[in-house]
Amino acid sequence: MKSVTPILFVENDAVALTMYQKRLQREGFHVEIAEDGIAALKVLSEMTPDLVVLDLMLPKFSGKDVFDYMRADAQFKEVPVIIFSNATKSDWPKDVESSPTRALPKSEANFAALLELIKQMTNAASAKKKSMPQPAAASVPPPAEIPAVEDQIRSASGRDRV
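Residues numbered from 1 in each chain as written. Predicted model: local features only at pLDDT ≥ 70, side-chain atom pairs only at ≥ 80, totals over all residues. Heavy atoms only, no water.

Trainee: Give me the overall build of the chain: which residues, what numbers.
Mentor: Secondary structure assignment for the chain yields five helices and five strands. Burial status across the chain gives 42% buried among its 162 residues. Counting only contacts in the chain whose residues sit at least 6 apart along the sequence, the fraction spanning at least 24 positions is 62%. A total of about 9,300 Å² of accessible surface is found on the chain, and carbon and sulfur atoms cover 53% of it. (Helix = DSSP H or I, 4+ residues; strand = E, 2+ residues; numbered from the N terminus. Buried < 20%, exposed > 50% of the residue type's maximum accessible area, 1.4 Å probe, protein only. Contact = heavy atoms within 4.5 Å. Areas by Shrake-Rupley, 256 points an atom, 1.4 Å probe, with all protein chains shown as cover.)

Laid out in structure tokens, this is it:
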């Protein structure tokens, strides 16, 4: 039986997010969604997706900040990321074209192009995982930095809860 590939799709346009989620689910992917950077970090604290599709222009915590967080955390450092955004290239992370990251500007993309890139990247990641020695199963705690990030956001926004 083929396993389902979990994807985190981070997009602040609710209509587009729902459309992409449904179309990717029809293609056989399990799609977790987040409409802002804080929601993305929450999902990442609960799972490690096989791939993240990430808009950079997000409310509350930018996509660039989510990307930087992922690349700084050993648990997420090798998770493939597709930067799917209309942000200007100067706003993109510096190492956006480094493996395992690719960029697909929304203005130049359609669903077929996005789907093809998702399949390429998840297949490459799957092949890489199979070739690596498997460590003993262990429980992986959620990233330690999330509470600190939530505290920063709480203090910056003056809110008690995130």
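Back to the text.
Trainee: Outline unusual backbone geometry, listing residues and values.
Mentor: Here Lys60, not a glycine, exhibits a phi torsion of approximately 75°, which is positive. Within the secondary structure layout, Lys60 lies in the loop between strand E3 (51-54) and helix H3 (63-72).

Trainee: Kindly report on the pairing of strand E2 (residues 29-34), identifying the contributing residues and their values.
Mentor: Pairing of strand E1 (residues 5-10) with E2, which is carried by six bridges, proceeds in the parallel orientation. The residue of E2 that forms the bridge with Ile7 is Val31. Traced from E1 through helix H1 (residues 14-26) to E2, the parallel crossover comes out right-handed. (Pairing = 2+ DSSP bridges. Right-handed = clockwise from strand over helix to strand, strands pointing away.)

Trainee: Got a sec to walk through the packing of helix H2 (residues 37-46) against H3? Specific residues and values, please.
Mentor: Taken N-terminus to C-terminus, the directions of H2 and H3 make an angle of 25°; their axes are 9 Å apart at the nearest point. Comparing the axis directions of H2 and H3 gives the class roughly parallel. Remark: the crossing between H2 and H3 carries right-handed chirality. For the pair H2 and H3, contact is made by Gly37, Ala40, Leu41 and Leu44 and by Val66, Tyr69 and Met70, respectively. When grouped by side-chain class, the residues that make up the contact of H2 with H3 number six nonpolar, one polar and no charged. (Axes fitted to C-alpha atoms, helices over the stretch in contact; angles between N-to-C directions. Parallel < 35°, antiparallel > 145°, perpendicular 65-115°, else oblique. Left-handed = near helix turned anticlockwise from the far one by under 90°. Nonpolar A, V, L, I, M, F, W, Y, C, P; charged D, E, K, R; others polar.)

Trainee: Describe the sheet that holds E3, with residues and values.
Mentor: In a beta sheet, neighbouring strands are held together by backbone hydrogen bonds and run either parallel or antiparallel to one another. The parallel open sheet is built from five strands, whose spatial order is E2-E1-E3-E4-E5. The sheet terminates laterally at E2 and strand E5 (101-103), the two strands that pair on one side only. For this sheet, the mean angle separating the axes of adjacent strands, direction not counted, is 20°.

Trainee: With reference to specific residues and values, describe H1.
Mentor: Look at H1: 18 Å from first C-alpha to last across 13 residues, which is about the 18 Å you get at 1.5 Å a residue. Of all the positions in H1, only Ala16, Leu17, Tyr20, Gln21 and Leu24 are classed as buried. End-on view of H1: buried residues confined to an arc of 130°, all on one side of the axis. Exposed residues pointing more than 90 degrees away from the buried face of H1 are listed as Val15 and Arg26. Looking at where H1 begins, the residue whose side-chain oxygen comes 3.0 Å from the main-chain nitrogen of Val15 is Asp13. (Expected span 1.5 Å × (residues − 1). Arc of directions from axis to C-beta. Polar contact = N/O pair within 3.5 Å; in protein donor to acceptor, adjacent residues only side chain to side chain.)

Trainee: I'd love a proper account of the pairing of E1, names of residues and values included.
Mentor: With six of six residues buried, E1 lies mostly within the body of the structure. Side chains Thr5, Ile7 and Phe9 project from E1 onto one buried face, and the interleaved Pro6, Leu8 and Val10 project onto a second face that is buried too. Where E1 meets E3, four bridges bridge the pair, whose relative direction is parallel. Of the residues in E3, the one forming a bridge with Phe9 is Val53.

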